[in-house]
Amino acid sequence: MIGSEAEATKRDKWRVRLAPRPVSVCLVFGLLLLMLVMMPGTLLLIFAGGLLAILFRTSGVYIARMLSIAPGWGVAIFLVGLLAVIVGGGFYLSPAISNQAEQLWEQVPNAVRNLRGGLEEYAWGRQLIERLNEGGLWPSGTGGAATQAVSSAFGYLGNTVIVLFIALYGAFDPATYRNGLLKLIAPSARGKGERVLDNSVKTLQSWLTAQLISMTVVGVLTGLGLWFIGIPLALLLGLIAGLLAFIPNVGPVLAATPGVLLAVPEGFHSVLLVLGVYLAVQALESYVVTPIVQQEKVSLPPVLVISTQLIFGSLFGLIGLALATPMTALFMQLISDLYVDDYLEKEERQIVEV
C-alpha cells in the first residue's frame, strides 16, 4: 500500500509538471529563444514588420472610426493616402533632395580630407589618425566601401520588401495571426495570453506615437535652424536628423556628423553654430517634447535604453540598433505582466491574505 501510494504521488507530480499550461508557455518562449539564437536576423525582420503593421493598423482603425467604415477599408485609405503623400512629396521635393544628396555625397569626403589634413599638422592629431586606422574607423579608400555598399543594397532592398509584406498582411488581418498564436497556449492560459498581447500592442502603439512626434519635431527644427545660420543642404540634413531620431541617444550623434563636417571648411565659428543647433534641438526634444508626448505613454530608463542599444547593435548590426528601443519597451511590458504581476505580486498578495 505504501509503495503504491508513493508511486501515485510521483505520477501526480509528473502530471503537474507536464500540465498543458506550463508546457505551452515554455514551448512558446522556447521557440522564440531558439529563433533569437539560431535566426536572429529573421526574428528581427518579423518584429520590424509587426511594428510597421501596428502603425498601419492603428492609423487605419482611427480613420475607420472617423468614417464609420470597416477597419480594413480604413487601413486601405491610410495606405493610399500615405502613398500619395510620398509620391506627391517626392515629385515636388525630389529635385531639391537629390541635388542636395549629390552635393552631400561630394562634399562630405572633401570635408573629411580637410579635417584629416588639419589633424595631421599636430602630433596628437597624427596619433589619433593612426589609432583610427588601426581600428578600421577612418577609411583609407572609397573603392572597397563603394563595392560593399552596392553589394549590400540588394540585400537591404529584399529585406525591406519582406518587412513591407509582413506589415501589410498583419495590418489587414491581425486576427488570424493573433488567434494562431493563442492556439499554441493552453485554454486555461488564453485569457492571460490575450491580456498580454493587448498590453504589448498598446505599449508599441504608444512608443510609435511618441517617436513619430519626436522625429517630426527634430527634423523640422533641425532643418530650420541650419537654414537660418546659412548651412548648405539644410533640407537634407533636417530630413536625416528626423529619420535618425528613430534611434534615441545614438541617432542624434549620427545625424550631427554630416552637418559638422560640412561646417568644417567654413571655420570654427560655423562648427560651433552647427553644434549649437543640434544641441538645442536635442535638448528641446529630450526635456520638452519627449516628456510631454510620453507623459501617459512609454517612459524608458535612459541607461537601460543605451545598454540594450549597445548589446543589440553589437550582436545584430544596424537593424538591431534601430529596433533596440521598441524591443526594450516590449520586454519591459512582458516582464511586468508575466513576472512582476503574475509571480512577485502574487506572492505579496498571498502574504497579505495570510
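A short tour of the structure in this document, coming up. (Residues numbered from 1 in each chain as written. Predicted model: local features only at pLDDT ≥ 70, side-chain atom pairs only at ≥ 80, totals over all residues. Heavy atoms only, no water.)

**Some details on the packing of helix α9 (residues 234-244) against helix α10 (residues 250-263)**
As a packed pair, α9 and α10 sit with axes 8 Å apart at the nearest point and diverge in direction by 165 degrees. With respect to α10, the element α9 is oriented roughly antiparallel. Seen along the crossing, α9 lies across α10 with a hand that is right-handed. Residue-level inspection shows Leu-237, Ile-240, Ala-241 and Leu-244 of α9 in contact with α10, the latter providing Gly-251, Pro-252, Leu-254, Ala-255, Pro-258, Gly-259 and Leu-262. Classifying every residue of the contact of α9 with α10 by side-chain character gives nine nonpolar, two polar and no charged. (Axes fitted to C-alpha atoms, helices over the stretch in contact; angles between N-to-C directions. Helix = DSSP H or I, 4+ residues; strand = E, 2+ residues; numbered from the N terminus. Parallel < 35°, antiparallel > 145°, perpendicular 65-115°, else oblique. Left-handed = near helix turned anticlockwise from the far one by under 90°. Contact = heavy atoms within 4.5 Å. Nonpolar A, V, L, I, M, F, W, Y, C, P; charged D, E, K, R; others polar.)

**Structural notes on the nonpolar core**
If you look at the biggest cluster of nonpolar residues, it comprises 38 residues, and the most contacted ones within it are Leu-51, Leu-226, Phe-246, Val-274, Tyr-278 and Leu-323. The set of elements that each furnish at least two residues to this core consists of α3 (40-67), α8 (190-228), α9, α10, α11 (268-293) and α12 (302-353). For this core, the element with the highest residue contribution is α12, accounting for seven residues. Setting aside anything within four residues of it in sequence, one finds Leu-51 in contact with Leu-204, Trp-207, Leu-208, Phe-246, Leu-323 and Pro-326. Listed in part, the eight residues of the second largest apolar core include Phe-56, Val-75, Phe-78 and Ala-167. (Core = buried A, V, L, I, M, F, W, Y, C linked by side-chain atoms within 4.5 Å. Buried < 20%, exposed > 50% of the residue type's maximum accessible area, 1.4 Å probe, protein only.)

**Regarding the packing of aromatic side chains**
Per the counting criterion, the structure on display carries three aromatic pairs. Ring centres of Trp-207 and Phe-246 lie 5.3 Å apart, and the angle between their planes is 85 degrees; this geometry places the pair in the edge-to-face category. In this pair, Trp-207 sits in helix α8 while Phe-246 sits in the loop between α9 and α10, placing the two residues 39 residues apart along the sequence. Grouping residues by exposure puts Trp-207 and Phe-246 together as buried. (Phe/Tyr/Trp six-rings, centres within 6.5 Å; stacked < 30°, edge-to-face > 60°.)

**As for the side chain of Thr-325**
The topology assignment puts Thr-325 in helix α12. Accessibility expressed as a relative area gives 2% for Thr-325, which makes it buried. Beyond its immediate stretch of four places on either side in the chain, Thr-325 contacts Trp-207, Pro-248, Leu-300, Val-305 and Gln-309.

**Notes on the packing of α8 against α11**
The N-to-C vectors of α8 and α11 enclose an angle of 155 degrees; their axes lie 10 Å apart at closest approach. Of the possible angle classes, the one that applies to α8 and α11 is roughly antiparallel. In the packing of α8 onto α11, the handedness of the crossing is right-handed. Between α8, through Ala-210, Ile-213, Ser-214, Val-217, Val-218, Leu-221, Thr-222, Gly-225 and Leu-226, and α11, the contact on the second element is made entirely by Val-274, Val-277, Tyr-278, Val-281, Leu-284, Glu-285, Val-289, Thr-290 and Val-293. Partitioned by chemical class, the residues of the contact of α8 with α11 number 13 nonpolar, four polar and one charged.

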